[in-house]
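Residues per chain, in single letters:
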Amino acid sequence: MAELVAVIASTHHPFYYRASTATGADRPDFADEWVRKVEAFRETLTRARPDVLVMVGSDHFHQLWLDNMPQFLVGKAPFYDANFYNEEREFGLPRMLLRGQEDLSAYVLREGLDAGFDLAFSNELRIDHSITCPIITLRPQNDLPIVPIYTNIFAPPLPQPKRFVQLGRAIRQLIESWPSDQRVAVIGTGHLSLELGGPRQFGPHGPDPEFDRKAVDWIANGDIEKCLGEVTLESLHLPGNATHGFMDFMLMMGVAGEGQRVDYVDTYDLFHTMEAYFTWYPGGPR
Amino acid sequence: MSKYLLDKFLFTVDRDPELVERYREDPAGTVAWWEETQANRILNCVGAESSTWLAFEEEERAALAGHDYVKLFELGAHPFLTLTLFIGMFERDHGPLEFQKEYARRLAHFSLPYPDIAT
């Protein structure tokens, strides 16, 4: 059976690529510290020596649209083109090509359906910055095949928070039952408090530092039940209108398991959002 | 209210560099052309299978034609779509983050709960 060697949850800040590659007067004053933190975080994946990456993210109205919006979608393709014109325009992100792991995609789809998740699938998924940002930060050599899993945290009606946790638990079971000798890491990206297109956007910090502190504690302690007790679809509007991306962090808590404390946690308070990085090693410390 | 159509306009313009420039330079003309020829296009179908019934209401048409992102927020357009398109059109005319912060200031009279964005 496959081995789950790392579970990683991260924010996905699309400005990292531009900030980390900028030079001279264009380089922001926070870039060096940001790079240092990301490189330390990257080492937590490197140490796990994965063969394949299951990547949880969310399309930001790049390919998926309101005429046919899936709640949970699994990519099943030999390759994934990545990043879109408007991400290139606003974030300076490069065009990328990632390799797929179709056997694991097929297994997740078949077994996931049988486990009670009505998963959508795509044989031609162009992925966006929710998945390419963690490749850029955690695996810049882009040398591992991926299984992309998209969640809808963006276009109401959304699934309930508990459904994200349940899917996370199921993903772990599916990986650990996959008849393969591959070493699998799961990487999911989301947000803490975040406001986009609203009156609290682009402040000096995230719109709700108190929510961020609580959220980091929930994740760091694997405190799923406490988190579910405080978070609802309705309440997630309060810390910022884009905070529903936090449900992808909840999915990753489901992968890691109730009460599982993280092996690595770091945060970085940038303008308009709090960056947060978490790693669990299910088989024990690496 | 036709929030879906508002979002469809923002989505289809934001993903197309030529349309972004066209909407920036001629908002009223672009909105009129788009409603006439594009609004009923089903995005993953051939033209012969288009819809027949989609149209803006007057205040929606006026908000788009006026580049009025405050009104679009009030009408429940998806804030991510509105923001990214307007950054794409107007950030270039401002200093770093200047446009984004001004955008927030112009929305400062809104308090929670914000207008519903469900379509």
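> Help me understand the overall build of chain A in this model?
On a plain count of helices and strands, chain A comes out with nine helices and ten strands. In terms of its C-alpha atoms, chain A occupies a principal-axis envelope of roughly 50 × 45 × 40 Å. Counting the 286 residues in chain A, one finds 62% classified as buried. Residue pairs at least 24 apart in sequence account for 80% of intrachain contacts in chain A once pairs closer than 6 positions are excluded. Accessible surface, chain A as shown: approximately 10,700 Å² in total, 49% of it carbon and sulfur. Put simply, chain A has 25 plus and 39 minus side-chain charges, and the middle of one group is 3 Å from the middle of the other.

> Please clarify how the sheet that holds strand 2 (residues 52–57) of chain A should be interpreted in this entry.
To summarise the sheet geometry, strands pair through backbone hydrogen bonds and adopt either a parallel or an antiparallel arrangement. All names here are of chain A. Across the sheet, which stays open at both edges, the eight strands sit in the order 6-3-7-2-8-1-10-9 with mixed pairing between neighbours. Among the strands making up the open sheet, the edge pair consists of strand 6 (120–122) and strand 9 (264–270). The average angle at which neighbouring strand axes cross in this sheet is 15°, direction not considered. Both strand 1 (residues 3–11) and strand 10 (residues 273–280) contribute to a ladder of four bridges, which runs antiparallel. Across the sheet, residue Ser 10 finds its bridge partner in strand 10, namely Tyr 277.

> Even after reading the chapter, I still don't get the environment of Asn152(A), so can you show me in this structure?
All names here are of chain A. Within the secondary structure layout, Asn 152 lies in the loop between strand 7 (146–151) and helix 6 (161–177). When the C-alpha atoms of Asn 152 and Leu 73 are compared, they prove to be 8.7 Å apart, with 79 residues separating the residues in sequence. Apart from the residues within four sequence positions on either side, Asn 152 is in contact with Met 69, Pro 70, Gln 71, Pro 157, Leu 158, Pro 159 and Phe 164. In terms of polar contacts, Asn 152 uses its side chain to reach the backbone amide nitrogen of Phe 154, at 3.0 Å. Among the polar contacts made by the side chain of Asn 152, one reaches the main-chain amide nitrogen of Ala 155 at a distance of 2.8 Å.

> Would you mind showing me how to read the side chain of Asp59(A) here?
Structurally, Asp59(A) is set in the loop between strand 2 and strand 3 (72–75). Although buried, Asp59(A) forms no salt bridge, and the nearest oppositely charged side chain, Arg15(B), lies 7.5 Å from it. For Asp59(A), the side chain forms a polar contact with the main-chain nitrogen of His62(A), separated by 3.0 Å. In this structure the side chain of Asp59(A) is engaged in a polar contact, spanning 3.0 Å, whose partner is the backbone nitrogen of Leu64(A). Discounting chain neighbours no more than four positions away, the residues touching Asp59(A) are Leu64(A), Asp128(A), Tyr150(A) and Phe154(A).

> Help me understand helix 9 (residues 246–256) of chain A in this model?
An α-helical turn contains 3.6 residues, so a residue and the one three or four places further along point in the same direction. With eleven of its eleven residues buried, helix 9 of chain A lies for the most part within the structure. A positive backbone phi angle near 110° is found at Gly257(A), which sits one or two residues after helix 9 of chain A.

> I keep staring at the packing of aromatic side chains and nothing clicks. Help me out?
To describe a pair of aromatic rings, one takes the distance between the centres and the angle between the planes. Scanning all chains against the criterion turns up 29 aromatic pairs over all chains. Residues Phe211(A) and Phe246(A) carry aromatic rings whose centres are separated by 5.4 Å and whose planes lie at 80° to one another, so their mutual orientation is edge-to-face. Here Phe211(A) is found in helix 7 (residues 209–221), whereas its partner Phe246(A) is found in helix 9, with 35 residues between them in sequence. For the pair Phe211(A) and Phe246(A), one class covers both residues: buried. Where Phe9(B) meets Tyr23(B), the ring centres are 5.0 Å apart and the plane angle is 75°; that geometry is what we call edge-to-face. Of this pair, Phe9(B) sits in helix 1 (residues 3–14) while Tyr23(B) is found in helix 2 (residues 17–25), placing the two residues 14 residues apart along the sequence. Residue Phe9(B) shares its accessibility class with Tyr23(B), and that shared class is buried. Above the plane of the ring of Trp33(B) lies Arg22(B), whose end atom (NZ or CZ) is 4.0 Å from the centre. In this structure, Arg106(B) packs its charged tip against the face of Tyr69(B), placed 4.9 Å from the ring centre.

> Looking at this structure, I do not really get the interface of chain B and chain A. What am I missing?
Every contact between the two is made by 34 residues of chain B and, on the other side, 25 residues of chain A. Here chain B and chain A share an interface that buries about 2,600 Å² over both sides, 66% of which is from carbon and sulfur atoms. Among the residues of chain B in contact with chain A, Phe11(B), Phe80(B) and Tyr114(B) are the three that bury the most area, contributing 22% of the side total. The interface formed by chain B and chain A contains one salt bridge. With a shortest N-O distance of 2.6 Å, Asp14(B) and Arg89(A) are connected by a salt bridge. Where the side of chain B that touches chain A is concerned, the elements lending two or more residues are helix 1, helix 2, helix 6 (79–90) and helix 7 (98–106) of chain B. The leading source of residues in the side of chain B that touches chain A is helix 6 of chain B, at eight residues.

Reading the values: rules and limits
Residues numbered from 1 in each chain as written. Chains lettered and ligands numbered in written order. Predicted model: local features only at pLDDT ≥ 70, side-chain atom pairs only at ≥ 80, totals over all residues. Heavy atoms only, no water. Helix = DSSP H or I, 4+ residues; strand = E, 2+ residues; numbered from the N terminus. Buried < 20%, exposed > 50% of the residue type's maximum accessible area, 1.4 Å probe, protein only. Contact = heavy atoms within 4.5 Å. Areas by Shrake-Rupley, 256 points an atom, 1.4 Å probe, with all protein chains shown as cover. Lys, Arg positive; Asp, Glu negative; His and termini not counted. Charge placed at Lys NZ, Arg CZ, Asp CG, Glu CD. Pairing = 2+ DSSP bridges. Axes fitted to C-alpha atoms, helices over the stretch in contact; angles between N-to-C directions. Polar contact = N/O pair within 3.5 Å; in protein donor to acceptor, adjacent residues only side chain to side chain. Salt bridge = Lys/Arg side-chain N within 4 Å of Asp/Glu carboxyl O. Phe/Tyr/Trp six-rings, centres within 6.5 Å; stacked < 30°, edge-to-face > 60°. Lys NZ or Arg CZ within 6 Å of the ring centre and 35° of its normal. Buried area = accessible area lost by both parts, 1.4 Å probe.

Any functional reading would require information beyond the geometric quantities listed.
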